[in-house]
Amino acid sequence: MKSIRLALALGVPLILSLASPGLLSAQDAPEGQRPVIVERVDVRGNQYLPKDTILYYVSTKAGSVYDEEVIKADFRRLWDAGFLENMSVEENDTPSGNKVLIFTVAERKRVQIVDFRGSKALTKTSIEDKLKEKEATLKLDTFYDPSKARRAEDVIREMLKEKGRLFGTVKHEAKTIGGSGEEVTFTIDDGPKTKIKAINFENNKVFSDGRLRGEMKKLKQAGFWNLSWLSGKATYNEEKWGEDQELLREHYLNAGYVTASIGEPKISYVDGKSGLFKKSPVKWMMVDIPVSEGDVYRVGKVNFEGMKLFKPEAVLPVFKIKDGEVYSEKKLKKGFEKLRDAYGAQGYFQYTGFTKRTPDRDKKVVDLTLDIQEDKQYFVGKIRFAGNDSTRDKVIRREVYLTEGDVFNTELLKLSIRRINQLGYFKPIEKAPELGPSAMADDKIDVTLRVEEQNRNQFTFGGGVSGLEGKFLNASFQTSNFLGQGETFQISAQTGKRTKNYQFAVSEPYLFDRPITAGIDLYKRKIIYQTYASANVFGYQDDRTGMSFTTGLPVSRFSRLFLNYAYEVVNISPAQLDPNDPLNFSTPTISDSFLIEDYGKRRESRLSPSLVYNTVDSPFTPRRGMKLTISGQFTGGPLGGTLNYMRPDIEGVFYIPHTRKTALGVRAQFGMILPYSSTAVIDPVTGRSSLPFYLRFYMGGEQQIRGYNIRAVGPREPSSLALVGGDKFALFNAEYYFDVFGPVRALLFFDAGQAYLKGEKIGFRSAVVSTGAELRFIMPVLNVPFRLIYAINPNADPLFAEKRTFRFAVGTTF
């Protein structure tokens, strides 16, 4: 019986044995001789893999012409499929002179259990997440692969190093369970924790060890006050050192030490113990960093290389470097960043620039060659949007300043992202847009802006109680992105013992698909305020019914001009309050003489123009930008009504990023009211104009001075100490933000403000001050900021405000 045998196992080379070296394949058969046929192909040894699955990789079938080379290729293809641990193929002759092929296989074992044991520094969840991130997961019910298990070991070792466990070990063991299962166990020994005990520098004379340690941002000596125990900066790894090494080099370069070098650290270990209460073994790391400082160099010749788009004499001032001054790497970096913006605005978004330094060690002068690699100019291909499941493409596209076919202007792309973030429809876009080659042309770039929708629909139904509004029930629906088309829509109703509010409002930011704002607001509001006069508890009712129309036009990229017309009927009337109501005296008092004089119905017809410049990057979690608003109200006169006054207002809001997680926000606002015509006439009896008290300025509340109640701050009558309201006001707010995680933001605040009578001088000494801390978080369903405020009022009058208070609020201060 003639036979051919091929055998292969894991780690064993391919073996070919021929029982008959002279065996002919079909193509070698002499002319006229009948070819040898494969009558049958069998599989032996398979337990779980179906025969058809194995034979799928074998091209030789029953009825095929026998060919040794084809069989060898089939053998290799089946082995490369990866699900066999051992295999062989043999052929046997049949009585008819044909062949039978037999594939004998041993299946690889499948992973049934993966376990991680022994580690306290790493959790099973953290290990699995990291293995998934590094694509090193041993998936269940897949074939066991020792190389993948060793790869997982490497990943776990790196995790231990990140935790400061440089002496940790990891090994795995595979154990057979059942007929073909494999249990893979990773045994982890954390080893002692490694912390940096000391960072010392060698050969440094210009800068002290402390100064150089201060320049290092990723590595710190273990200590309590530098918060290294919280930030993990006392843990050493090569990646952290690489970043700090570059920072140290830059520090010397910024001081003119062009030839300075920072060597690799010499690391030694000392056994010890660490811990505040419970001492645990630790390997203290001593880090000694060699430094070669060299001399200070001054700027010599400055040349440009590779720059064609701009002229050198026009670009050189951007770098702010002068011949003969001490070399500074910081100036060059800032210059290259500004040049990047200039190139990006012209479509050269792949521009790169770097400095070639040629120091003259004798003259202590360094010649500079600014190497500019412009690449080619690119144009905009297709602009696409992803993630906007509810919002229509056109709502986003109209905020994008790039146009398909135009020059790919990176500055306009940045402004477009800022404008989209200002909408508030999506979570802030933090990642760069996806850029890819366009099928339209080689010099075109397709842009994909990926957004993540956030709920802009607010539906509320419930009730509550407050010192101002008493008990109430309310229901409302509000959205700033109605049906995904960008319209603002609101309908609400509230009823209670002291309040009745009804409102319907709709606004369209792009009327007729043009940047024209149009809106209408219909409302009816009634609220009963309490007051105290002549030792009696009573109140007054403020009842308003009105409507307003708004329109707006863009003035520039981030500026809009608005015009609002409103007609309102205001009725002030007496209202008796229950003297036993526990909510009484929670709002400030107003002079009873003002109330009695101001009872009655008034009609206001007013026109309110405003100009708004807004570059703030996010409506709820801002970090950068500014908002400037100049507005005014002109009431009465030719517009009709019973009141005549003007009310100018100016407000400036500024946000300045500080670090990656912190920012500063500042607001300053000033307003005044100027009665004219009949409203300005002075009553000889009272000595006051007929301007009603509700139009005067009263300060306080979470949107002005956080530690004081609404309408609790303002000028008072000397005798009764009742509020009389101001003719002008000044307000200042400052907030320092800490972005904790996700939608949670903590902040420190300082508020100062006051309302003043006509003729009174505005000054900080007369201002009411409130300071404290606030925790602010975005509710995922309602998508509005909820606020927990702790306020300290250092100059509070104990008759009208507490020295310390805790408040809950919704929204933002500015």
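Cut-off values and rules
- Residues numbered from 1 in each chain as written.
- Predicted model: local features only at pLDDT ≥ 70, side-chain atom pairs only at ≥ 80, totals over all residues.
- Heavy atoms only, no water.
- Helix = DSSP H or I, 4+ residues; strand = E, 2+ residues; numbered from the N terminus.
- Rg over C-alpha atoms; globule rule 2.2 N^0.38 Å.
- Areas by Shrake-Rupley, 256 points an atom, 1.4 Å probe, with all protein chains shown as cover.
- Lys, Arg positive; Asp, Glu negative; His and termini not counted.
- Charge placed at Lys NZ, Arg CZ, Asp CG, Glu CD.
- Pairing = 2+ DSSP bridges.
- Core = buried A, V, L, I, M, F, W, Y, C linked by side-chain atoms within 4.5 Å.
- Buried < 20%, exposed > 50% of the residue type's maximum accessible area, 1.4 Å probe, protein only.
- Contact = heavy atoms within 4.5 Å.
- Patch = residues over 30% accessible without salt bridge, like charges linked within 9 Å, V, L, I, M, F, W, Y side chains within 5 Å.
- Salt bridge = Lys/Arg side-chain N within 4 Å of Asp/Glu carboxyl O.
- Axes fitted to C-alpha atoms, helices over the stretch in contact; angles between N-to-C directions.
- Polar contact = N/O pair within 3.5 Å; in protein donor to acceptor, adjacent residues only side chain to side chain.
- Parallel < 35°, antiparallel > 145°, perpendicular 65-115°, else oblique.
- Nonpolar A, V, L, I, M, F, W, Y, C, P; charged D, E, K, R; others polar.
- Expected span 1.5 Å × (residues − 1).
- pLDDT = per-residue confidence, 0-100.
- Phe/Tyr/Trp six-rings, centres within 6.5 Å; stacked < 30°, edge-to-face > 60°.
- Lys NZ or Arg CZ within 6 Å of the ring centre and 35° of its normal.

1. Things to note about the overall build of the chain
Looking only at helices and strands, the chain has 12 helices and 37 strands in total. A compact globule built from 814 residues would reach a C-alpha radius of gyration of about 28 Å, whereas the chain, at 39 Å, exceeds it by more than 25%. If you line up the chain on its principal axes, its C-alpha atoms span 135 × 75 × 65 Å. Accessible surface computed for the chain: about 42,800 Å², of which carbon and sulfur atoms make up 55%. Where the 116 positive side-chain charges of the chain centre and where its 99 negative ones centre are 5 Å apart.

2. Regarding the pairing of strand β4 (residues 84-93)
With 9 bridges connecting them, β4 and strand β5 (residues 99-107) associate as antiparallel partners. The partner of Glu-91 across the bridge, within β5, is Leu-101. Hairpin geometry of β4 and β5 is characterised by an intervening segment of 5 residues between the two adjacent antiparallel strands and by a positive phi of about 90 degrees at Gly-97.

3. Section: the nonpolar core
One finds Tyr-694, Leu-695, Met-699 and Tyr-708 to be the most contacted residues of the largest nonpolar core, which totals 25 residues. Elements represented by at least two residues in this core include exactly β23 (517-533), β25 (559-575) and β33 (728-741). Contact partners of Leu-695, with chain neighbours within four places excluded, come to Glu-604, Leu-643, Tyr-645, Arg-647 and Ile-673. Judged by nonpolar contacts, the second largest core, of 21 residues, contains Val-400, Ile-417, Tyr-425 and Phe-426.

4. Description of a positive patch on the surface
On the surface, Lys-320, Lys-330, Lys-334 and Lys-338 cluster together into a patch of positive charge. Along the chain, the position of Lys-334 falls in helix α9 (residues 329-345).

5. Concerning the sheet that holds strand β15 (residues 365-373)
Here 3 strands make up an open sheet; going across it, the order is β13-β15-β14 and the pairing mixed. Among the strands making up the open sheet, the edge pair consists of β13 (298-305) and β14 (352-360). Ignoring which end each strand starts from, the neighbouring axes of this sheet average 20 degrees apart. Of the strands in this sheet, β13 and β15 are in contact with helix α8 (residues 312-319), which crosses β13 at around 135 degrees.

6. Observations regarding the environment of Arg-450
Inspection of the secondary structure puts Arg-450 in strand β18 (residues 444-450). Taking the C-alpha atoms as reference points, Arg-450 and Arg-706, 256 residues apart in sequence, are found 38 Å from one another. Excluding residues within four positions of it along the chain, Arg-450 makes contact with Ala-386, Ile-429 and Glu-434. Within polar-contact distance, the side chain of Arg-450 engages the side chain of Glu-434 at 2.8 Å.

7. Here we look at the pattern of salt bridges
According to the stated counting rule, one finds 49 salt bridges in the structure shown. Across the salt bridge formed by Arg-776 and Glu-735, the nearest N and O atoms sit 3.4 Å from each other. In this pair, Arg-776 is assigned in strand β35 (residues 768-778) and Glu-735 in strand β33, connecting sequence segments 41 residues apart. Residue classification places Arg-776 among the buried residues on the basis of a relative accessible area of 5%. Given the relative accessible area of 1%, Glu-735 is considered buried. Salt-bridge contacts for Glu-774 lead to Arg-787; the nearest nitrogen and oxygen are separated by 2.6 Å.

8. Re the sheet that holds strand β6 (residues 110-117)
Across the sheet, 3 strands lie side by side as β6-β8-β7; this open sheet has mixed pairing. Each edge of the sheet is formed by a strand with only one pairing partner; in this case those strands are β6 and β7 (169-177). Here the strands of the sheet are splayed against their neighbours by 20 degrees on average, with no regard to which way each runs. In the sheet, β7 pairs with strand β8 (residues 181-189) via 9 bridges, with the strands oriented antiparallel. Looking across to β8, one finds that His-172 is bridged to Phe-186. In this fold helix α4 (residues 146-162) packs onto β6, β7 and β8, with an angle of close to 145 degrees to the strand it touches most, β7.

9. Focus: the packing of α8 against α9
Taken N-terminus to C-terminus, the directions of α8 and α9 make an angle of 125 degrees; their axes are 8 Å apart at the nearest point. In terms of orientation, α8 lies oblique with respect to α9. Residues Val-315, Val-318 and Phe-319 of α8 touch α9, and the partners they reach there are Lys-331, Leu-332, Gly-335, Phe-336, Lys-338 and Leu-339. Each residue belonging to the contact of α8 with α9 can be placed in one class, and the counts come to 6 nonpolar, 1 polar and 2 charged.

10. Details of α9
Compared with an ideal rise of 1.5 Å per residue, which puts 17 residues at 24 Å, α9 spans 25 Å between its outermost C-alpha atoms and is within 8% of the ideal. Of all the residues in α9, the buried ones are Glu-329, Leu-332, Gly-335, Phe-336, Leu-339, Tyr-343 and Gly-344. Its buried side turned inward, α9 meets α7 (238-254), α8, β14, β15 and α11 (410-423). Residue Gly-347 follows α9 closely and has a positive phi angle near 95 degrees.

11. Re the confidence of the model for the chain
Looking at the chain, pLDDT values average 87 and 90% of them are 70 or higher. Across residues 10-29, confidence stays below pLDDT 50; counting only partners more than four residues off in sequence or on other chains, it has 38 contacts. Low pLDDT, under 50, characterises residues 532-537; the stretch is placed with 12 contacts to residues that sit more than four places away or in other chains.

12. Description of the packing of aromatic side chains
All told, the structure shown has 29 aromatic pairs when counted by the stated rule. Taken together, the ring pairs connect Tyr-56, Tyr-57, Phe-83 and Phe-143 into an aromatic cluster. Just above the ring of Tyr-523 sits the side chain of Arg-525; from NZ or CZ to the centre is 4.1 Å. Taking NZ or CZ as reference, Arg-745 lies 4.3 Å from the ring centre of Tyr-737, over its face.

13. A closer look at the environment of Lys-524
With respect to the helices and strands, the residue Lys-524 is situated in strand β23. Separated by 24 residues in sequence, Lys-524 and Lys-500 place their C-alpha atoms 7.9 Å apart. When neighbours within four sequence positions are excluded, Lys-524 is seen to be in contact with Lys-500, Asn-501, Tyr-502, Asp-543, Arg-544 and Thr-545. Engagement of the side chain of Lys-524 in a polar contact is seen with the side chain of Thr-545, the distance being 3.3 Å.

14. Topic: unusual backbone geometry
Positive phi values are uncommon outside glycine, yet Asp-375 reaches one of about 60 degrees. Tracing the backbone through its elements, the reader meets Asp-375 in the loop between β15 and β16 (379-386). Phi at Phe-512 is positive, roughly 55 degrees, even though this residue is not glycine. You can see Phe-512 is positioned in the loop between β22 (499-508) and β23.

15. Some points on the side chain of Asp-371
With respect to the helices, strands and loops of the structure, Asp-371 is situated in strand β15. The exposure class assigned to Asp-371 is buried, which follows from its relative accessible area of 7%.

16. Looking at the packing of α9 against α11
At a closest axis distance of 6 Å, the pairing of α9 and α11 adopts a crossing angle of 95 degrees. Classified by the angle between their axes, α9 and α11 sit roughly perpendicular to one another. For the pair formed by α9 and α11, the contact residues are Asp-341, Gly-344 and Ala-345 on the first element and Thr-410, Glu-411 and Lys-414 on the second. Per-class residue counts for the contact of α9 with α11 are 1 nonpolar, 2 polar and 3 charged.

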